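# Coordinates in review
Residues per chain are reported as follows:
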Amino acid sequence: GESVGLHLPTLSVQEGDNSIINCAYSNSASDYFIWYKQESGKGPQFIIDIRSNMDKRQGQRVTVLLNKTVKHLSLQIAATQPGDSAVYFCAENISGGFKTIFGAGTRLFVKA
Amino acid sequence: DGGITQSPKYLFRKEGQNVTLSCEQNLNHDAMYWYRQDPGQGLRLIYYSQIVNDFQKGDIAEGYSVSREKKESFPLTVTSAQKNPTAFYLCASSTGQTDSPLHFGNGTRLTVT
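In short, a report on the structure. Just so we're clear, the structure is a prediction, and the values are computed from it rather than from any experiment.

Below, the discussion takes up the environment of threonine 108 of chain B. Residue and element names in this part refer to chain B. Within the secondary structure, threonine 108 is located in strand β11 (residues 108-112). Distance in space between the C-alpha atoms of threonine 108 and leucine 90 is 6.7 Å, their sequence separation being 18 residues. In this structure the side chain of threonine 108 is engaged in a polar contact, spanning 2.6 Å, whose partner is the backbone oxygen of proline 8.

Quick look at the state of the cysteines now. Residue and element names in this part refer to chain B. Enumeration over the complete set of coordinates arrives at two disulfides over all chains. Two residues share a disulfide in this structure: cysteine 23 and cysteine 91, whose sulfurs sit 1.9 Å from each other. Given an S-S torsion of about -75°, the disulfide between cysteine 23 and cysteine 91 has left-handed geometry. With cysteine 23 in strand β3 (residues 19-25) and cysteine 91 in strand β9 (residues 87-94), this pair connects stretches of sequence that are 68 residues apart. In terms of burial, cysteine 23 and cysteine 91 fall into one category: buried.

Across the junction of serine 7 of chain B and proline 8 of chain B, the peptide omega takes the value -5°, indicating a cis bond. Relative to the elements of secondary structure, proline 8 of chain B occurs in the loop between β1 (4-7) and β2 (10-13). Positive phi outside glycine occurs at lysine 71 of chain A, with the angle close to 55°. For lysine 71 of chain A, the position within the fold is in the loop between β7 (62-67) and β8 (72-77). The phi dihedral of asparagine 28 of chain B falls on the positive side, at around 60°, and the residue is not glycine. Structurally, the position occupied by asparagine 28 of chain B is in the loop between β3 and β4 (31-37).

Residue-level contacts link 24 residues of chain B with 23 residues of chain A. At the boundary of chain B and chain A, one finds two salt bridges. For lysine 99 of chain A, the salt bridge identified is with aspartate 59 of chain B, shortest N-O distance 2.9 Å. Those elements that provide at least two residues to the side of chain B that touches chain A are β4, β5 (43-51) and β9 of chain B. Class assignment of the residues belonging to the side of chain B that touches chain A gives a composition of 11 nonpolar, 10 polar and three charged.

The rules behind the values
Residues numbered from 1 in each chain as written. Chains lettered and ligands numbered in written order. Predicted model: local features only at pLDDT ≥ 70, side-chain atom pairs only at ≥ 80, totals over all residues. Heavy atoms only, no water. Helix = DSSP H or I, 4+ residues; strand = E, 2+ residues; numbered from the N terminus. Polar contact = N/O pair within 3.5 Å; in protein donor to acceptor, adjacent residues only side chain to side chain. Disulfide = S-S within 2.5 Å. Buried < 20%, exposed > 50% of the residue type's maximum accessible area, 1.4 Å probe, protein only. Contact = heavy atoms within 4.5 Å. Salt bridge = Lys/Arg side-chain N within 4 Å of Asp/Glu carboxyl O. Nonpolar A, V, L, I, M, F, W, Y, C, P; charged D, E, K, R; others polar.

The following block contains the structure:
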């Protein structure tokens, strides 16, 4: 079926290390992918997005990689900081559709 | 600052009562959405609206109702027919284009006892 899933529910990293959060998607009609960050008690915040005609996009300390061959999406956070501790969701929009499908989320813990 | 305002932050109700959650946006977005989030889980779509006076059911619309009388406002009513209403409710908006991200409010935590 149409779903977005995550390989790891929790990830613990040392402050200063790089973090990689992975996500698998199953709908080949998806053409737009987004990563959101959700802090406790708040709504998700947009981090970075990527269209299906790209395989890499960089932001400030974050990089999203898209591998359409294996339907895999990843979020890389460079020099992870305590403020990066949150739940991260990948999401997909299906071409021509109006719904955003969310994965279950990965909780990132940053150890000082 | 532009954004989405949800109120109240916390809401408590007795079982059998209807309750309405407020969502207002000043981003001039055409599309608005309601999601439900349960502990440790992702977001599930309840209802969405692409334009004023029009809305569609999402994946879990049973027991909920909405209205879209104004572009800025998209209130959600949780009715007594919703079997498990205790959850964190998130409102979002977007331009409505396929490649535009959602902008979320900070949610309303509803507890029904």
